[in-house]
Amino acid sequence: MAQYNGRSEQKRTRLADVIPVNTPFVFGFFTGDICNFKCKYCIQASLNSGIELQDEFLDWSTFIEVADSLKRFPNRIKKVLFSSMGEPLLNKNLPKMIAYLNANDVADAYEIVTNASVLTHELSRQLIDAGLTRLCVSIQGITDQKYLDICQAKVKFANIVDELSYFYNYIKKNNKNCAVHIKTVDIALDDGEEKRFKEIFDGICDTLFIDNVVPSYPGIDYSEMCNDNIGLYGKGTIERKVCPSVFYTLYVLPNGDVVTCCDPPYPIILGNIKDESLIDMWNGKRREEFLRMQLQGNRHKHPVCQRCIQPNITDFKEDDLDEVAEILLKKI
Ligand SMILES: C[S@@+](CC[C@H](N)C(=O)[O-])C[C@H]1O[C@@H](n2cnc3c(N)ncnc32)[C@H](O)[C@@H]1O
Ligand code: SF4
C-alpha cells in the first residue's frame, strides 16, 4: 500500500552541522523550459511575469560539460534532479543523460519531476534501465475535463494511469531500484475526490501526496487558488530570515548558466559552464558573498530574494539556519 508522504528522503542531514558544504547535495539539470501543458498555477500560464523562460532544450554538449564538471567535487552528489520550468520528458536525451551520469557514478540518486503525459512503455524501460531512482509525477486531476480546466491540455487521464501502471510493474518485475511518487495539487481535486485519487494510484506507486498550490510566480492571480499562509505541504508558512537551500543546491539552465535556486527570477548567476567549472563557481567569491548576505539577515533587502517564497513554504526543521547564522558567518 502506498504511503501518504510528501518527503523524498528518509533521513535529512541537519544543515547547520555541515556548513560549509564542500559538494552540492542536490544538483538540478534544467532540461528546457518548454512544456506541453499550461497549468494555471505554474509559470507556463503567466502572461506578464517579466521572467524570460529559456525556450530551448539543454543540449548534449552542455550536458557533458556539466556532467564531467560534477566529477571534480570531493564527494558524490546526493541527488541529481531533472526538472525545469517545462516538461523534462520532452528532452529526447533524458535516458542517455541518466545512463551517462550513472555509468560515471556521479550521484547516489537520479530523480525526474514530470507530468508523465508523454510517457510510453519504451521510454519507461529506457529511464528505468538507465538507472533512474525516483519518478515524481505531477497529476493535474482525475478526469479528462479537469486536465482541460487546469492545464489547458487534451489528455486521456486513463492513458496516463496505464503508462504509470506499466512503469511501476516494470520496476517490480525486473527488481529495479526506482521509487514512484505521485502527487497532485489541492485545486485539481473536487470535493470527495481525494479518496478516489488515492485509490487509483495506491497499487502503482510507493508514496503519494496532495500538495497545496503556493503563490510562486509573478503574473498569476492566485487569489482563488491558495492562501498565502499555507505552505506547499499544507502546514503554515515559516518566515525564514536565511534561505537554507542555497547552501546545498546548484542548478544548470539550458544555456549553461549556473544558479543557486530552483525558480526564476534567479537572484544570482554564478557563471556559465562554458567559461568556468562548477567547483570554481561553488567555491568562488560570488557565491560566498551571496551566502554571507543571507547569513547577515539581508535576504529581505535583496531585490529578488525579498519576493521569493521558497524558504517559507517547506517546514523541514533540519534546514533551519536563523538561530545559528552568526556562528555560520565565521565558518564561510
Ligand atoms: C514546474 S513543474 C516542472 C516539471 C513537470 N512539468 C511537472 O509538471 O511535474 C514542477 C512541479 O512544480 C509544481 N508547481 C508549479 N507551480 C506551482 C505552484 N504555484 N504551487 C505548487 N506547486 C507548483 C508542479 O505541479 C510540478 O509538480
Ligand atoms: S506540466 Fe509542469 S511545467 Fe508544464 S505547466 Fe504544468 S506544472 Fe508547469
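See the structure shown above.
Residues numbered from 1 in each chain as written. Chains lettered and ligands numbered in written order. Predicted model: local features only at pLDDT ≥ 70, side-chain atom pairs only at ≥ 80, totals over all residues. Heavy atoms only, no water.

(A) Representation of the pattern of salt bridges within the structure. In the structure shown here, the tally under the stated rule is 16 salt bridges. The partner of Arg240 in a salt bridge is Asp320, with the nearest N and O atoms 2.6 Å apart. A residue pair is termed long-range when its members are at least 10 positions apart, and Arg240 in the loop between strand E7 (207-211) and strand E8 (249-252) and Asp320 in the loop between helix H9 (310-313) and helix H10 (325-329) qualify at 80 residues. Using a relative accessible area of 3% as the deciding quantity, one classes Arg240 as buried. A relative accessible area of 32% places Asp320 in the partly exposed class. When the shortest N-O distance is used, the salt bridge between Glu288 and Lys285 registers 3.5 Å. With Glu288 and Lys285 both in helix H8 (residues 285-295), this residue pair falls three residues apart, about one helical turn. Among the ionic contacts, a cluster of salt bridges with common partners joins Arg76, Asp105 and Asp108. (Salt bridge = Lys/Arg side-chain N within 4 Å of Asp/Glu carboxyl O. Helix = DSSP H or I, 4+ residues; strand = E, 2+ residues; numbered from the N terminus. Buried < 20%, exposed > 50% of the residue type's maximum accessible area, 1.4 Å probe, protein only.)

(B) Expanded view of the site of ligand 1. Near ligand 1 there are 18 residues, and of these Tyr41, Gly86, Ser138, Lys183 and Val214 occur at the shortest range. Within the complex, the protein chains bury 89% of what would otherwise be the 540 Å² of accessible surface of ligand 1. Along the lines of polarity and charge, the residues of the shell around ligand 1 split into eight nonpolar, eight polar and two charged. (Near = heavy atom within 4 Å. Areas by Shrake-Rupley, 256 points an atom, 1.4 Å probe, with all protein chains shown as cover. Nonpolar A, V, L, I, M, F, W, Y, C, P; charged D, E, K, R; others polar.)

(C) Looking closely at unusual backbone geometry. Following Ile19, the chain continues into Pro20 via a peptide bond in cis, with omega recorded as 5°. Here Pro20 is to be found in the loop between strand E1 (3-4) and strand E2 (26-30). Residue Pro265 is reached from Pro264 by a cis peptide bond, and omega for that bond is 0°. Topologically, Pro265 is positioned in the loop between strand E9 (257-259) and strand E10 (269-272). Positive phi, normally seen in glycine, also occurs at Ala116, with a value near 65°. Here Ala116 shows up in the loop between strand E4 (107-114) and helix H3 (121-130). For Ala116, a relative accessible area of 2% translates into the label buried. If you check the backbone angles, Asn175 has positive phi at about 55° while not being a glycine. Position of Asn175 among the secondary structure elements: in the loop between helix H5 (157-173) and strand E6 (179-185). Judged by its relative accessible area of 72%, Asn175 falls in the exposed class.

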